[in-house]
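Descriptive analysis of the structure
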Amino acid sequence: ELGDVAAAGKKLTLPEGVPAAWVTSVAKELAASKGRGLIVIGSRQPAAVHALGLAINQALGNIGTTLQLAAPADADEVDVATDIKSLVDAANAGSVDTLVLLGGNPVYDAPADVAFAAALAKIPVSVHLSSHVDETSVKCAWHLPRNHEYENWGDLKSLDGTLTIQQPLILPLRDTRSDIELLALIAATPERKMLDLVRTTFNASAGAAFTTDHAWKRTLRDGLIAGSAPAFAAPPALKGGDVATALTKLKVAAAPTKDALEVVFSLCPKLVDGRHANNSWLCELPDPMTKIVWDNVATFSPATAKALGIKGGDLVTLTRGGVSIQIAAWITPGHADNSVTAFLGWGRTNAGRVGDFRGFNVYPLRTLDALTFAGDVKLSSTGEKYKISQTQDHNSMEGRPIAREATLATYKQKPKFAEMEAPPPQSLPLWKKADYTKGHKWGMTIDLNACTGCNACTVACQAENNIHVVGKEQVGKGREMLWLRLDRYFVGDEENPSVAHQPLACVQCEEAPCENVCPVNATAHSPEGLNDMAYNRCIGTRYCANNCPYKVRRFNYLDWKSEFWNPGDLTAAPIDPPKTIQMQYNPDVTVRMRGVMEKCTYCVQRIQRAKIETKRAGRDIRDGDIVTACQQSCSADAIVFGDLNDKTSRVAKLTELDRRYRLLGEIGTAPRTTYLAKVRNPNPELETVSPSHGNGAGEGAEKHG
């Protein structure tokens, strides 16, 4: 019906909350872009909705152009929900005498109505191969230690069917085994080692031309067998009548109300389904939208929260089908009304010393018929408050031009919209201005158009620079240690705002306000313009942090290296972390102690390493020789680092773009990190009628546009 809607303005019967103008405009654009558009169906949607999306893509001529169809990599793939129900039924009937579980944690995350733990207790011999003694391990008769994925050899197929070889990054740290080694033991195969098993499978599946040592080494180098993917499948012959008949069999759910809410089960963006619950880095990593650490919450729209009489931090009870859970509520600008987003992966009881009893377990509400979302959920307030720690408790830019953006129409009219109207105020210099035109002049550019707020750069910086976690209580006191933070702002109407993400670390000011207040010269500029820190000089006055307008310096209030392993007892002797924790430290970076200020240094250790390596090679540093940790981890290529004096470098060319601006440049700090402003391309017909969308967080939104 897309063509009818576009051409004749045909009226459709639409669900509540979906504006007709939005449907008409979208249909018009899709019909005008046949073969150049794409309908993408969310992963939470049932198979019938994915089939409908496929039919629309076929009607638009997208298959074979913007959409390629590939056969499933696993021809024997089964429906997980149906398979686990069959297993439980067989166990309850006494038909299973031995069960081997390769990874997973079904006692914790299986659909609640299958009662997996009770069925497992009826199996005489149960074996769990797992990296941790988790909730499933303690219910099994045997627990076997499992390799980490980074310690494994393996053979895999990508989604398009390309054969690939998985190679380990390190040898196993402990006496563990891989999945294929356990299966080989059970099957009594001649080969028992991972490498031998993978090589045997490779020889059998890669074809005669790939069984030589040369072909094997080439595959290891490439990581895949080129040309091993089968041809893309031909488009299915979908007929309009068949699609219409299928749609008549679908049941349309009643629209949710405040008395019968919809709950959406979402994988945690940090812990996923709970497998990373014992990782302290991820527990303390701020949620991309809420900026909450060490907890999960149930998010509501402002209108729904007002109708229900709840506020952020209220402890509420969600009830579905006679099963209830308690969880903290959080108010989310832009969230859909009468819907609740509940994040999975928290509330574990056997995760480990870091992850036990953190947050709230949402899995009891998740059943076979509602794996991704469910309706008819009742909410009641407990009358209690739950303490939540955030790294950012404000959502508005308060009209200040921080994360700058404009529409495409504005950008075309005023390409240099991101520049400040007035230059920084000029005053007499207090010292001789440094000359950075000779030698290297390091700088960084961050493209706000590309940044998605995924937090990968934050974790990469933490790993590279030995940054400690401090725990929920200390974060609540504003003592987080992350050098790189990802600020999130809501822009526009509170019910339907846009979201702006802005990575921010030390911007390496050429006129650094931190330096002229340090009484011991612990922070000073290098000849290449880096704002360096001499940790053994710092006496902890914190004057530099008070004088930093960007608030990117972090102070060690406690000796986190020992405090984490002996929490709360400041009089006890320091305790060294376990050897495996010590192994994670980067030997090129000092591990800071109590009373020291620290912050981003553009990964100065990588800069120095590149200087040494290029000197040994007898050549100059080239663009791309130095890649900072945050830049290396950014899959969107939003972060670029390099030498500003090298006019051929990427960073130098990006600083010449018209979208470029200096954050707080009007105060005269002359930051080396610059930003490229965001350009949005909204449909002018839809700016006020788009459906409410997205999962956000907070207690308000930017009112100034």
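Quick summary incoming for the structure in this document. Bear in mind that the values here come from a model prediction, so they are computed numbers and not experimental data. (Residues numbered from 1 in each chain as written. Predicted model: local features only at pLDDT ≥ 70, side-chain atom pairs only at ≥ 80, totals over all residues. Heavy atoms only, no water.)

1. A short note on helix 9 (residues 213–222)
Listing the buried residues of helix 9 in full gives Ala215, Trp216 and Thr219. Seen end-on, helix 9 carries its buried residues on one side only, within an arc spanning 100°. Turned more than 90 degrees off the buried face of helix 9, the exposed positions are His214, Lys217 and Arg221. Just downstream of helix 9 lies glycine 223, where phi reads positive at about 85°. (Buried < 20%, exposed > 50% of the residue type's maximum accessible area, 1.4 Å probe, protein only. Helix = DSSP H or I, 4+ residues; strand = E, 2+ residues; numbered from the N terminus. Arc of directions from axis to C-beta.)

2. A short note on a nonpolar patch on the surface
Taken together, the side chains of Tyr150, Leu169, Ile170, Leu173 and Met583 make up a nonpolar region of the molecular surface, amounting to roughly 560 Å² of accessible area. In this fold, leucine 169 is placed in the loop between strand 5 (163–166) and helix 7 (179–187). (Patch = residues over 30% accessible without salt bridge, like charges linked within 9 Å, V, L, I, M, F, W, Y side chains within 5 Å. Areas by Shrake-Rupley, 256 points an atom, 1.4 Å probe, with all protein chains shown as cover. Salt bridge = Lys/Arg side-chain N within 4 Å of Asp/Glu carboxyl O.)

3. A few points about the sheet that holds strand 1 (residues 98–102)
Within a sheet, each strand pairs with its neighbour through backbone hydrogen bonds, oriented either parallel or antiparallel. Sheet architecture is open: three strands sit in the order 1-2-3, paired in parallel fashion. In the strand order of this sheet, the two ends are held by strand 1 and strand 3 (142–145), each with one partner. Direction aside, the axes of adjacent strands within the sheet are offset by 15° on average. Examined bridge by bridge, strand 2 (residues 125–130) and strand 3 share four bridges and lie parallel to one another. Across the sheet, the residue bridging to leucine 129 is leucine 144, located in strand 3. Strand contacts of helix 7: strand 1, strand 2 and strand 3, with the helix running at about 155° to strand 1, the strand carrying the most contacts. (Pairing = 2+ DSSP bridges. Axes fitted to C-alpha atoms, helices over the stretch in contact; angles between N-to-C directions. Contact = heavy atoms within 4.5 Å.)

4. Here we look at unusual backbone geometry
Positive phi, normally seen in glycine, also occurs at alanine 188, with a value near 55°. One can find alanine 188 in the loop between helix 7 and helix 8 (194–205). Unusually for a residue other than glycine, asparagine 521 sits at a positive phi of about 60°. In this fold, asparagine 521 is placed in the loop between strand 17 (498–504) and strand 18 (523–525). Here asparagine 521 falls in the partly exposed class, since its relative accessible area comes to 40%.

5. Overview of the pairing of strand 2
Consecutive residues of a regular strand have side chains that alternate between opposite faces of the sheet. Counting buried positions over the six residues of strand 2 gives five, a clear majority of the element. Where strand 1 lies against strand 2, five bridges are found, and the strand directions are parallel. Residue pairing in the sheet places leucine 102 in a bridge with leucine 129 of strand 2.

6. Observations regarding the pairing of strand 9 (residues 314–320)
The buried fraction of strand 9 is high, at six of seven residues. Note that strand 9 and strand 12 (residues 373–385) share six bridges and pair antiparallel. Counted as the bridge partner of threonine 319 is lysine 378 from strand 12. Pairing of strand 9 with strand 10 (residues 323–331) involves six bridges; the strand directions are antiparallel. Its bridge partner lying in strand 10, arginine 320 is registered against valine 323. Remark: two residues form the turn of the hairpin made by strand 9 and strand 10, two consecutive strands paired antiparallel; glycine 321 in that turn has positive phi of roughly 60°.

7. Points about the side chain of serine 339
With respect to the helices and strands, serine 339 occurs in strand 11 (residues 339–343). The class for serine 339 is buried, based on a relative accessible area of 4%. Those residues in contact with serine 339 that lie beyond four places of it in its chain are Glu262, Val264, Thr299 and Phe300.

8. Describing the sheet that holds strand 10
Reading around the barrel, the six strands line up as 6-11-8-10-9-12 and close back on themselves, with mixed pairing between neighbours. For this sheet, the mean inter-axis angle between neighbouring strands, taken without regard to orientation, is 45°. When strand 6 (residues 261–266) meets strand 12, the two strands line up antiparallel, connected through three bridges. The residue bridging valine 263 from the neighbouring strand is alanine 374, located in strand 12.

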